[in-house]
Protein chains: 2
Amino acid sequence: MIILAALLAAATPATVAGIEKDAPPTAWRAIPPENLMLVNTPKGNVVIELAPGFAPRHVAAIRALVASHRFDGGAIIRVQDNYVVQWAIKGSDGKTGTGPKLPPEYERPAEGHAFTPLPYPDPYGRAGFSEGWQAAMDGDKQWLVHCYGMVGVGRNLAPDNGDGSELYAVIGQAPRHLDRNIALVGRVIENIEAWSALPRGSEAMGFYKTDPEKVALTSVRLASDLPAASRPRFEVMDTGSASFRALIEARANRREEFFNRPAGGVDICNVKIPVRRQP
Amino acid sequence: MIILAALLAAATPATVAGIEKDAPPTAWRAIPPENLMLVNTPKGNVVIELAPGFAPRHVAAIRALVASHRFDGGAIIRVQDNYVVQWAIKGSDGKTGTGPKLPPEYERPAEGHAFTPLPYPDPYGRAGFSEGWQAAMDGDKQWLVHCYGMVGVGRNLAPDNGDGSELYAVIGQAPRHLDRNIALVGRVIENIEAWSALPRGSEAMGFYKTDPEKVALTSVRLASDLPAASRPRFEVMDTGSASFRALIEARANRREEFFNRPAGGVDICNVKIPVRRQP
């Protein structure tokens, strides 16, 4: 009977929701509390997962700004439709920072980092997944890609002048032309809708014109700064797991009753990486 | 001197903004007033271009609903983050309509319709542009694709039960898995930010829970219903023009000073088709 049930399960076409629900505990990894950045505003609180594995020096700079409470009293200063929400420490000029300049960190050596290729073509090169993130690679380099919710470090024209004091999150069609032109440092994993629904700014590039339009940052903390009992706990699906490989296939061939014609392919940003509050 | 200037111009790498600015009048086509749908709400007025060349019976049904003022007093009933804004005639159940059922119209014969291929791979098949629209084709069929701002006809599970009384606009990463599963009938060409910034609904799939959350449709009209002098007039770039082909290339290889590394490719939805108020 157990064998029959297993055969039946294997024969049942899988849906996205079903795969996520049935994934074993080993298909999930906990997010360390020092990688969880909690951004609180009067318009809603957002949780960001940082990506030190891709941009270690940028993430260290951001953690240092958080530790010294430099973001508290800052604001969301820009919302550009189909593009980005951008926020900054207090007193920022809205374009770049005044802290120590950081190296670009736009890519990392591929060696030593597992990569699950997306088995469909990508107009920008070779896309896939590495250590729980949407990524791409070429030769011996690997990098994060600009999907919805990804968080990057604003900079001016010089490639090295971001200092982590200006951050943005993608709220539209993936602006993949920014890949390897800006350092990506994380992604919004909870409540991005609090920010993506903010009024768009009326200045060029969606900057807010006046101070009252800006949304205050009440406090920005790492989960590791909180007492253990009050830390939010999240886990992300392991992108090297069998569950995740099944999920890629199910995203490319949607089997929910609504669909008459499965697409037979999917782009990297429509393969959403499951993240959940820890059960 | 004129020859020298032309040589210099040819040698100057083109930017997206430059190409659009320099496109000759012949690279633009006026949008007929019967294809302009003006949707007015207390939260902002939006202009939609209809696509009768792709979904003639759906567009005819929508024009009939507009002519009988069936949308007036209707509402925006659903806003789902990174997905769609949906609106409906008064009294709609929020899922489907009660009017005559329409045939799917998910694709059209390719014959007789020019197609400018996107010269980069697409994970969903063969993407390109036809008659001013982002499209795709396979064999002898051609269809519209679900880019940001595209407008489609809501339906329930049966493939033929949309009647045009429930419409949605894409406000996130292109949900290309919907291509050929729903009839696309147009696109928002002005002020989508008035709708994409609306609060997300708290019910399943982003439906608003209560009537006060909904955004009223004050009036919905075609430009052709207005006196000629008060009609808004728009034009769209001809996707078969030399200017548009240059624009595809400039989108794939951004040359603005900000970019250090051009992507060398672009997805169909990041090749925005220029639309402007008629000069």
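In this text the structure is predicted, and so the values were computed from the model without any measurement.

Rules behind the numbers
Counting of residues starts from 1 at the beginning of each chain's written sequence and follows it residue by residue. For naming, the first written chain is A and the first written ligand is 1, with later ones following in the order written. Since the coordinates come from a predicted model, pLDDT governs what is reported: local features require at least 70, and pairs of side-chain atoms require 80 or more to be given and counted, while whole-chain, interface and lining totals use all residues. The basis for every side-chain value is the complete set of non-hydrogen atoms in the structure, without hydrogens or water. Whether a residue is buried, partly exposed or exposed follows from its accessible area with a 1.4 Å probe, protein chains only, as a fraction of its type maximum: under 20%, in between, or over 50%, in that order. Secondary structure counts use DSSP, requiring at least four H or I residues in a row for a helix and at least two E residues in a row for a strand, with both numbered from the N terminus. At least two bridges found by DSSP between two strands are what make those strands a pair. For the least-squares superposition of copies, only C-alpha atoms count, and only for residues with pLDDT at least 70 in both. Throughout, a residue-residue contact means that at least one pair of heavy atoms, one from each residue, lies within 4.5 Å. What counts as a ring pair is set by centres within 6.5 Å for rings of Phe, Tyr and Trp (its six-membered ring), and what kind of pair is set by the plane angle: stacked under 30 degrees, edge-to-face over 60, tilted for all other angles. Two thresholds decide whether a charge sits over a ring: the Lys NZ or Arg CZ must be within 6 Å of the ring centre and within 35 degrees of the ring normal. In the sections that follow, a salt bridge refers to a side-chain nitrogen of Lys or Arg positioned within 4 Å of a carboxyl oxygen of Asp or Glu. Pairs of cysteine sulfur atoms within 2.5 Å are identified as disulfides in what follows. When two components associate, each loses some accessible surface as probed by a 1.4 Å sphere; the sum of these losses over both components is called the buried area. Definition of a polar contact: a pair of N or O atoms within 3.5 Å, with one able to donate and the other able to accept a hydrogen when the atoms are protein atoms, and with sequence-neighbouring residues admitted only if both atoms are side-chain atoms. Gly is placed with the polar residues, together with every amino acid not listed as nonpolar (Ala, Val, Leu, Ile, Met, Phe, Trp, Tyr, Cys and Pro) or charged (Asp, Glu, Lys and Arg).

Would you mind going over the pairing of strand β3 (residues 46-50) of chain B in detail, with residue names and values included?
Residue and element names in this part refer to chain B. Along β3, 5 of the 5 residues are buried, which leaves the element largely enclosed by surrounding structure. Of the two faces of β3, the one carrying V46, I48 and L50 and the one carrying V47 and E49 are both buried. Note that strand β2 (residues 36-40) and β3 share 4 bridges and pair antiparallel. Residue L38 lies in a different strand from β3, and its bridge partner there is V47. Here β2 hands over to β3 after 5 residues, with G44 in that stretch at a positive phi of 130°. Summarising the sheet, β3 and strand β13 (residues 184-190) pair through 4 bridges and their orientation is antiparallel. Within β13, the position partnered with E49 by the bridge is R187.

Explain the relation of the copies chain A and chain B to me, using residue names and the numbers behind them.
Placing chain A over chain B gives an RMSD of 0.0 Å and needs a rotation angle of 180°, together with 0.0 Å of translation along the axis. What we have between these two chains is a two-fold relation. When the interface residues of chain A are mapped onto chain B, 100% of them again fall at the interface, so both copies present the same face.

Help me get a handle on the sheet that holds strand β10 (residues 141-144) of chain A, residues and values and all.
Residues and elements named next belong to chain A. Judged by pairing direction, the sheet is antiparallel, and its 5 strands sit side by side in the order β6-β10-β9-β8-β7 without closing on themselves. Each of the sheet's edge strands pairs with one partner strand only, and the pair in question is β6 (108-109) and β7 (116-117). Relative to strand β9 (residues 133-138), strand β8 (residues 126-130) runs antiparallel, the two being bridged by 5 bridges. Residue pairing across strands places A127 opposite A136, the latter belonging to β9.

Explain the packing of aromatic side chains to me, and be specific about the residues and the numbers.
Any two aromatic rings considered together are summarised by their centre-to-centre distance and by the angle between their planes. The final tally for this structure, using the stated rule, is 6 aromatic pairs over all chains. Pairing F129 of chain A with F244 of chain A gives two aromatic rings, centres 4.8 Å apart and planes at 75°, and the pair type is edge-to-face. Highlighted residues: F129 of chain A in strand β8 and F244 of chain A in helix α5 (residues 242-252), separated in sequence by 115 residues. Taken as a pair, F129 of chain A and F244 of chain A share a single burial class, namely buried. Positioned over the ring face of F258 of chain B is R155 of chain A, at 3.8 Å from the centre of the ring. Cation over ring: R180 of chain A sits above W143 of chain A, and NZ or CZ is 3.7 Å from the ring centre.

Help me get a handle on the pattern of salt bridges, residues and values and all.
For the coordinates displayed, the defined rule picks out 32 salt bridges over all chains. D179 of chain A is paired through a salt bridge with R176 of chain A; the nearest N and O atoms lie 2.7 Å apart. When its relative accessible area of 5% is taken as the criterion, R176 of chain A is described as buried. In this structure, R255 of chain B engages E249 of chain B in a salt bridge whose closest nitrogen and oxygen atoms are separated by 2.8 Å. Judged by its relative accessible area of 31%, E249 of chain B is partly exposed. Each of R29, E49 and R187 of chain A takes part in one network of salt bridges that share partners.

An account of the sheet that holds β3 of chain B is requested, with residue identities and associated values reported.
Strands sit in the order β14-β4-β5-β12-β11-β13-β3-β2-β15 (chain B) across an open sheet of 9 strands; the sheet is antiparallel. The sheet is open, and its two edges are formed by β14 (215-216) and β15 (219-222) of chain B, each paired on a single side.

A description of the environment of F259 of chain B should follow, citing residues and the corresponding values.
Within the element layout of this structure, F259 of chain B appears in the loop between α5 (242-252) and β17 (275-277). On the accessibility criterion, F259 of chain B (13% relative accessible area) is buried. Those residues in contact with F259 of chain B that sit more than four places away from it in its chain are H177, L178 and N181 of chain A together with R254 of chain B.

Please give an account of the environment of C269 of chain B that cites residues and values.
Positionally, C269 of chain B belongs in the loop between α5 and β17. When the C-alpha atoms of C269 of chain B and T26 of chain B are compared, they prove to be 24 Å apart, with 243 residues separating the residues in sequence. In contact with C269 of chain B, other than residues within four places in its own chain, are Q173 of chain A together with Q134, H146, C147 and A174 of chain B.

So what's going on with the state of the cysteines? Which residues, and what values?
Residue and element names in this part refer to chain A. Here the structure, examined in full by the defined rule, presents 2 disulfides over all chains. Note that C147 is cross-linked by a disulfide to C269, the S-S spacing being 2.1 Å. For the disulfide bridge between C147 and C269, the dihedral angle about the S-S bond is near -75°, and by the sign convention the bridge is left-handed. Linking C147 in the loop between β10 and β11 (150-153) with C269 in the loop between α5 and β17 (275-277), this pair joins segments that are 122 residues apart in sequence. Here the two residues C147 and C269 agree in accessibility, since each one is buried.

Report on the pairing of β8 of chain A, specifying residues and quantitative values.
Residue and element names in this part refer to chain A. The buried fraction of β8 is high, at 4 of 5 residues. Here β7 pairs with β8 via 2 bridges, running antiparallel. By the bridge assignment, P117 is partnered in β8 with G128. What sits between the antiparallel neighbours β8 and β9 is a turn of 2 residues, in which E131 has the positive phi angle 50°.

Any details on the interface of chain A and chain B? Residues and values, ideally.
Between chain A and chain B, the contact holds 44 residues from the first and 44 residues from the second. Here chain A meets chain B over a buried area of about 4000 Å², counting both sides, of which 52% is carbon and sulfur. On the chain A side of the interface with chain B, the three residues burying the most area are Q173, F258 and R261 of chain A, jointly 18% of the side's total. Along the contact surface separating chain A from chain B lie 2 salt bridges. Residue E107 of chain A is joined to R261 of chain B by a salt bridge in which the shortest nitrogen-to-oxygen separation is 3.5 Å. Counting every contact that joins chain A to chain B gives 18 residue pairs in polar contact (both at pLDDT 80 or more). Among the residues making up the side of chain A that touches chain B, the classes are represented as 21 nonpolar, 10 polar and 13 charged.

I'd like a description of the environment of I273 of chain B, backed by residues and values.
Residue and element names in this part refer to chain B. Looking at the element boundaries, I273 is found in the loop between α5 and β17. Since its relative accessible area comes to 11%, I273 is described here as buried. Between the alpha carbons of I273 and I248 there is a distance of 9.5 Å; along the sequence they are 25 residues apart. With residues up to four places along the chain from it excluded, the contact list for I273 reads F129, G132, W133, Q134, R187, V236, M237, T239 and F244.

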